[in-house]
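# Residue-level structural notes
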Amino acid sequence: MKYKVLAADDEFWSRENIRNLIPWEEYSLEFLEPACDGEEVMERIEEEKPDIILTDINMPFLSGLELLERLQKEYPEIITVAISGYDDFDKVKGVFVSGGLDYLLKPVGKEEMVKVLTKALNLLEERENTKKQDETSRIREHKLSSFLEDSEYSALLSGKLYGQADAQTYVSSTNTFSEVATLMVKFYNIAEIAEKFEYDNLQMSWSIKSRLRELTGLEENVIIFNNSNKMSEFLLVKTADAKEFRTLAENILREFPLEEYGPISVVLHEQTSSLDDIGTIYRELISTLVTRPFNRHHCILSCQEEKRGESQRSSEIQMMGKSAPAHMETELYHLLATGQRSKTEKLIFKTCDFKDCDNGAWTYLDVKQYTGRLTGILYRYVQEKCPELTAQAEEAMDNIDYYMKCLNAPSLLASLKILLDSLWERGEDKDSDSGSGSIMQQVEQIHKYMERSYHENITLTALAEEYHMDASYLSRSFSQKYGETIIAFLTRIRMEKAAELMKDPDKKLETISFLVGYDDYNYFSRVFRKKMGCSPRDYRNNLAQL
């Protein structure tokens with residue numbers, strides 16, 4: 001960092017002597033054009049912002065001691081050094097009483113100047129370090145406070161949504177939040193966004209919330225929180241009319257551009273309600289969210305204003321999806337059993353024009369229902385006809401589920417193709433695979449990469465693209481070498497790391513979920529229970545009893 005030095009003396013030769021005394025640039029100092037007196041110094045401070053002022057004591061209009069006194073009162077952060085041709089004890093005392101760092105006698109020598117500047121620079125560095133530490137502490141306190149606030153508000157969602165009897169919150173509804181509307185912002189590229197923040201979930205959450213708050217005009221009566229159970233969701237509760245809410249939604253999409261943050265959904269619930277009803281409001285927001293187009297574009301959705309019974313709403317949603325034909329299971333079984341590859345793929349990918357499911361005609365719910373029905377049929381076929389491929393089928397289904405959440409149609413379709421390829425290739429001679437040294441070296445590289453980067457967004461199709469390999473071939477080669485599929489290995493590593501992080505009682509389970517690669521805590525909890533035999537909370541409680 002380069003600091004600025006301003007010298008003041010009413011004698012020209014004294015000013016020039018100081019200017020040429022040392023090579024200022026070599027000391028990372030910018031020597032400003034010297035001032036002729038104290039009044040000129042005061043006039044120039046606001047514009048030039050010097051860090052160090054060297055002033056003569058005996059000057060007309062505004063003496064050096066008077067200048068020091070004013071600087072101490074008005075600009076105490078500026079370091080001051082007095083220079084005089086007289087060794088006067090009273091003046092020396094006056095310098096230090098006025099906050100001066102040191103007192104130099106004319107003619108000033110190079111060695112003396114270097115010593116006093118070194119002292120001044122050390123003091124400036126200490127101040128900078130203290131300021132940085134204070135700022136770091138302040139930001140950390142804000143982030144922790146923000147996270148605790150998120151946990152409290154999220155308890156209102158989870159308690160009513162998932163029926164958690166032990167969900168507690170210290171947040172109570174007041175008159176201020178009795179007639180409010182709600183807006184939800186959903187990010188679909190949260191793993192990539194987290195990478196920008198070096199996977200610091202507190203920093204990411206706080207940063208996004210700060211930007212959302214700025215868009216509200218920093219209104220006081222606004223609640224903004226990040227859903228602790230789903231880090232990709234942010235909720236905003238405030239008083240606003242329909243037009244204002246729609247404008248806010250449009251501003252949010254501009255603030256988080258598609259090319260930088262990926263697709264975003266903003267869901268508006270404009271009907272006013274109490275904060276106590278946020279659990280019900282959240283369910284309606286989620287129900288509306290699944291009606292967005294299945295493509296990678298920004299989207300604004302609105303909940304229907306009229307109140308409806310939950311059963312009626314649920315039945316309507318079930319009717320919205322593009323379901324697979326009733327005869328599809330029988331026909332698909334027959335085509336698979338008789339090895340009719342092209343007809344099988346035609347049935348799967350061309351039914352309802354599924355191969356173009358991101359063309360805007362399919363909603364998220366359409367794709368979810370269709371793929372759910374389809375993978376259900378394929379998984380039952382695998383279990384009945386070729387159970388040795390169960391692990392590969394589960395891996396493909398995990399990939400499909402992930403790509404669906406990311407609105408990534410090409411990778412979703414590719415994962416379905418991988419699952420089908422594994423069915424066609426079963427029974428073929430795979431011995432030649434193990435003989436390819438270069439392939440096995442790549443597989444080893446992938447294995448090591450996942451061991452150290454387990455928290456990143458890792459998928460089979462992404463790995464295949466990165467290493468220029470066919471995804472089906474990569475999956476098969478990895479399983480042959482390590483005895484488990486890529487997804488099974490990645491999941492095991494993540495769960496083992498999560499179990500290790502749980503030894504730290506200060507780390508919240510939602511934070512641990514995010515640190516090992518899951519933005520959805522409820523999904524992480526299900527996977528952990530499946531792999532470790534108990535819930536994350538029970539596992540931590542068991543650790544505490546050891």
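Cut-offs and rules
Residues numbered from 1 in each chain as written. Predicted model: local features only at pLDDT ≥ 70, side-chain atom pairs only at ≥ 80, totals over all residues. Heavy atoms only, no water. Helix = DSSP H or I, 4+ residues; strand = E, 2+ residues; numbered from the N terminus. Buried < 20%, exposed > 50% of the residue type's maximum accessible area, 1.4 Å probe, protein only. Contact = heavy atoms within 4.5 Å. Areas by Shrake-Rupley, 256 points an atom, 1.4 Å probe, with all protein chains shown as cover. Axes fitted to C-alpha atoms, helices over the stretch in contact; angles between N-to-C directions. Left-handed = near helix turned anticlockwise from the far one by under 90°. Nonpolar A, V, L, I, M, F, W, Y, C, P; charged D, E, K, R; others polar. Arc of directions from axis to C-beta. Pairing = 2+ DSSP bridges. 1 Å grid on protein atoms, 1.4 Å probe; cavity = no way out; pocket = protein on both sides within 12 Å on 5 of 7 lines; lining within 4 Å. Points joined across faces, edges and corners; volume = space filled by probe spheres on them. pLDDT = per-residue confidence, 0-100. Core = buried A, V, L, I, M, F, W, Y, C linked by side-chain atoms within 4.5 Å.

### Focus on the overall build of the chain
The helix and strand inventory of the chain stands at 24 helices and 10 strands. With 546 residues in all, the chain has 49% of them scored as buried. For the chain, long-range pairs separated by at least 24 residues make up 69% of all intrachain contacts whose partners lie at least 6 apart in sequence. Of the roughly 26,900 Å² that the chain leaves accessible, carbon and sulfur atoms contribute 48%.

### Looking at the packing of helix α16 (residues 409-425) against helix α20 (residues 471-482)
Where α16 meets α20, the axes come as close as 9 Å, and the angle between the chain directions of the two elements is 65°. Crossing of α16 over α20 shows right-handed handedness. Taken together, the residues of α20 that come into contact with α16 (itself represented by Ile-418, Asp-421 and Glu-425) are Ala-471, Ser-472 and Arg-476. A class-by-class count of the residues in the contact of α16 with α20 yields 2 nonpolar, 1 polar and 3 charged.

### Concerning the environment of Ile-377
In this fold, Ile-377 is placed in helix α14 (residues 364-385). For the pair Ile-377 and Tyr-333, spaced 44 residues apart in sequence, the C-alpha separation works out to 8.2 Å. Beyond its immediate stretch of four places on either side in the chain, Ile-377 contacts Met-328, Glu-329, Leu-332 and Tyr-333.

### Remarks on helix α1 (residues 12-19)
Listed in full, the buried residues belonging to α1 are Ser-14, Arg-15 and Ile-18. All buried residues of α1 fall inside an arc of 100° around its axis, so they share one side. Across from the buried face of α1, at angles greater than 90 degrees, the exposed residues are Phe-12 and Trp-13.

### Some details on the sheet that holds strand β1 (residues 3-8)
Across a sheet, paired strands are connected by hydrogen bonds in the backbone, their directions being either parallel or antiparallel. What the 5 strands build is an open sheet, ordered β2-β1-β3-β4-β5; its pairing is parallel. Among the strands making up the open sheet, the edge pair consists of β2 (29-31) and β5 (102-105). Across the sheet, the axes of successive neighbouring strands diverge by a mean angle of 25°, strand direction being ignored. By the bridge criterion, 5 bridges tie strand β3 (residues 52-56) to strand β4 (residues 79-84) in an arrangement that is parallel. When the bridges of β4 are listed, Ile-52 appears paired with Ile-79. Against the sheet, helix α2 (residues 38-48) touches β1 and β3, its axis set at about 170° to β1. Its contacts with the sheet place helix α3 (residues 64-74) against β3 and β4, and it is angled at close to 155° to β3.

### Some remarks on unusual backbone geometry
Here Lys-106 and Pro-107 are connected by a cis peptide whose omega angle stands at -10°. Inspection of the secondary structure assignment puts Pro-107 in the loop between β5 and α5 (110-161). Its identity as a non-glycine residue notwithstanding, Asp-353 has a phi of 60°, on the positive side. Note that Asp-353 resides in the loop between α13 (341-350) and α14. The backbone of Leu-407 sits at a positive phi, close to 60°, despite the residue not being glycine. Its place among the elements puts Leu-407 in the loop between α15 (390-405) and α16. Residue Leu-407 is classed as buried on the basis of its relative accessible area, which comes to 1%.

### Overview of empty space enclosed by the protein
All told, the structure shown has 2 cavities of 30 Å³ or more when counted by the stated rule. Empty space within the largest cavity amounts to approximately 50 Å³. Around the largest cavity, the lining residues are Trp-13, Ser-14, Asn-17, Ile-18, Ile-83, Lys-106, Pro-107 and Val-108. Counting residues per element, the lining of the largest cavity draws most heavily on α1, which supplies 4 residues. Tallied by class, the residues present in the lining of the largest cavity amount to 5 nonpolar, 2 polar and 1 charged.

### A look at the pairing of β3
With 5 of 5 residues buried, β3 lies mostly within the body of the structure. Of the two faces of β3, the one lined by Ile-52, Leu-54 and Asp-56 and the one lined by Ile-53 and Thr-55 are each fully buried. Where β1 and β3 come together, 4 bridges link them in parallel fashion. Residue pairing in the sheet places Ala-8 in a bridge with Thr-55 of β3.

### Considering the confidence of the model for the chain
Confidence in the prediction for the chain averages 83 pLDDT; 86% of positions are at 70 or higher. The element-level mean pLDDT for the chain is lowest in helix α11 (residues 310-320), coming to 43, with strand β10 (residues 299-302) highest at 95. Across residues 160-174, where pLDDT falls below 50, the model places 26 contacts with residues more than four positions away in sequence or in other chains. Scored below 50 in pLDDT, residues 429-435 makes 9 contacts in the model with residues more than four places away or belonging to other chains.

### Notes on the nonpolar core
Formed by 60 residues in total, the largest nonpolar core has its most connected members in Phe-294, Phe-354, Leu-378, Leu-412 and Leu-423. Of all the elements, α14 adds the most residues to this core, at 10 residues. Apart from the residues within four sequence positions on either side, Phe-294 is in contact with Cys-357, Asp-358, Trp-362, Thr-363, Tyr-364, Val-367, Tyr-403, Met-404, Leu-407, Asn-408, Ala-409 and Leu-412. Among the nonpolar cores identified, the runner-up in size contains 32 residues, and Leu-463, Ala-471, Leu-474 and Met-502 belong to it.

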